[in-house]
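One letter stands for each residue in the lines below.
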Amino acid sequence: MGIESNGAALDFRAMQVKPGSVVAALTVNSAHPVSPYGDNVTVWDGLHLIGPGKDTRSIGLLVKTGQAVFQRSNVHGFGVGIQLGDYAFIDSFTHPSIWNVGIGIYCPPRQVDAGENITVQQGAIFNSDVGINNQGCGMTVSGTSFDGLSGSTIIDATEGGGDLRCSNCYIEYFTPISVPIFQLGACNAWEFIDFQGGQVRSDYTKGANMKALISNNPKRLCGGTGSWAYFNDVFFGNLSPSAKCDAGSGPACIVGSNAARVRVERSTNGSGGGDMWNVEVGRQK
């Protein structure tokens, strides 16, 4: 079953959230959750979910099936806007608007038969704490904006495992944050952040406005040289770190025990006429 909305909202502001429990406003299940034959390709169009508050242990949309398509979702006022559960794979979120939440999109670790090829396209996550917390999915994000967050834009594989690709994404902060914009910390190279194109900027100009661009700080290494990150063809606007960098400098400030496994190439901080070669890890040209 799918839903096509005519603009009406599902209002869960009075939803009771008991201490020690987590409550989901809408859970999408399937009678055939692990079927590879497209049994679940139904369209959910125009969902508008209003929650009891971003400081509650609540979830707006909990997806526990594969191959589902969600278009133009508007989710706000929850602890987690959208969460991937067991059997969530090849799910697609197009033009989502997620705001005033604790975490925009959350993929927990250790899900059952879940995590393959989750896509987010042309979305907006704003006025929230954390953009995406990915601990167990292979996630591809494209053309999506992250605006006015108070914490990290992307947390990837710090508790479990996951990889995240972000292409032509736009990140804009309005106030300083005390954490890195990106957090990474898995134990092997299966977990990574690949950021291609787009912008990462801050509008705060009175001093330090972030801890660092990225922290790559695994608790341990379990194979090879650990998790990695790559930034290419990115415009860094007015990023000023407060931390002492373990690698890089300025807008390409990297911290953590595995800082050497982060590479920034063919990117600019806007100085020198915007030469796309003037920011690299370890030095600025």
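Structure: see above.
Residues numbered from 1 in each chain as written. Predicted model: local features only at pLDDT ≥ 70, side-chain atom pairs only at ≥ 80, totals over all residues. Heavy atoms only, no water.

1. Describing the side chain of threonine 153
Structurally, threonine 153 is set in the loop between strand E17 (145–147) and strand E18 (154–156). Taking the relative accessible area as the measure of exposure, threonine 153 reaches 0% and is therefore buried. One polar contact links threonine 153 to tyrosine 173, side chain to side chain, over a distance of 2.9 Å. (Helix = DSSP H or I, 4+ residues; strand = E, 2+ residues; numbered from the N terminus. Buried < 20%, exposed > 50% of the residue type's maximum accessible area, 1.4 Å probe, protein only. Polar contact = N/O pair within 3.5 Å; in protein donor to acceptor, adjacent residues only side chain to side chain.)

2. Points about the pattern of salt bridges
By the definition in use, this model includes eight salt bridges. Measuring nitrogen to oxygen at the nearest pair gives 3.4 Å for the salt bridge that ties arginine 165 to aspartate 163. You can call arginine 165 partly exposed: its relative accessible area is 38%. When the shortest N-O distance is used, the salt bridge between glutamate 265 and arginine 263 registers 2.9 Å. Residue class for glutamate 265 comes out partly exposed when judged on its relative accessible area of 26%. Several salt bridges converge on common partners, so that one network encompasses Glu172, Arg201 and Asp203. (Salt bridge = Lys/Arg side-chain N within 4 Å of Asp/Glu carboxyl O.)

3. Observations regarding the pairing of strand E9 (residues 80–84)
Of all five residues in E9, five are buried, a share of seventy percent or more. Looking at chain direction, strand E6 (residues 58–63) and E9 are connected through four bridges and run parallel. When the sheet's bridge partners are listed, valine 63 is paired in E9 with leucine 84. Here three bridges tie E9 to strand E12 (residues 103–107), and the two strands are oriented parallel to one another. Its bridge partner being in E12, valine 80 is matched across the sheet by isoleucine 103. (Pairing = 2+ DSSP bridges.)

4. Quick notes on the state of the cysteines
Under the criterion given, the structure shown has four disulfides. Shown here is the disulfide that connects cysteine 107 with cysteine 137, its sulfur atoms set 2.1 Å apart. Where cysteine 107 bonds to cysteine 137 through sulfur, the torsion about that S-S bond is close to 80°, and the disulfide is right-handed. With cysteine 107 in strand E12 and cysteine 137 in the loop between strand E15 (130–134) and strand E16 (138–142), this residue pair connects regions lying 30 residues apart in the sequence. A single burial state applies to cysteine 107 and to cysteine 137, both of which are buried. (Disulfide = S-S within 2.5 Å.)

5. A word on the sheet that holds strand E8 (residues 74–76)
The strand order across the open sheet built from nine strands is E2-E5-E8-E11-E14-E17-E20-E23-E26, with neighbouring strands paired in parallel fashion. Only two strands of the sheet have a single partner each, and these edge strands are strand E2 (10–11) and strand E26 (235–237). As defined by bridge partners, strand E20 (residues 170–173) adjoins strand E23 (residues 199–202) across four bridges and the pair is classed as parallel. Bridged to tyrosine 170 within E23 is glutamine 199.

6. Some points on the pairing of E6
When you tally the buried positions in E6, you get six out of six residues, the bulk of the element. Relative to E6, strand E3 (residues 23–28) runs parallel, the two sharing five bridges. Bridge pairing in E6 links valine 28 to valine 63.

7. Describing the packing of aromatic side chains
In this structure the tally under the stated criterion is seven aromatic pairs. Between tryptophan 99 and phenylalanine 126, the aromatic rings sit 6.0 Å apart at their centres with planes inclined by 5°, giving stacked as the arrangement. On the criterion of sequence distance, the pair formed by tryptophan 99 in strand E11 (residues 97–99) and phenylalanine 126 in strand E14 (residues 124–126) is long-range, its members being 27 residues apart. For tryptophan 99, a relative accessible area of 27% puts it in the partly exposed group. Seen in terms of ring centroids, phenylalanine 195 and phenylalanine 231 are 5.8 Å apart; in terms of plane orientation they differ by 40°. Their pairing is tilted. In this pair, phenylalanine 195 is assigned in strand E22 (residues 192–196) and phenylalanine 231 in strand E25 (residues 228–232), connecting sequence segments 36 residues apart. Pair check on accessibility: phenylalanine 195 and phenylalanine 231 agree, each one buried. Through successive ring pairs, a cluster of aromatic residues spans Trp44, Phe70 and Phe93. (Phe/Tyr/Trp six-rings, centres within 6.5 Å; stacked < 30°, edge-to-face > 60°.)

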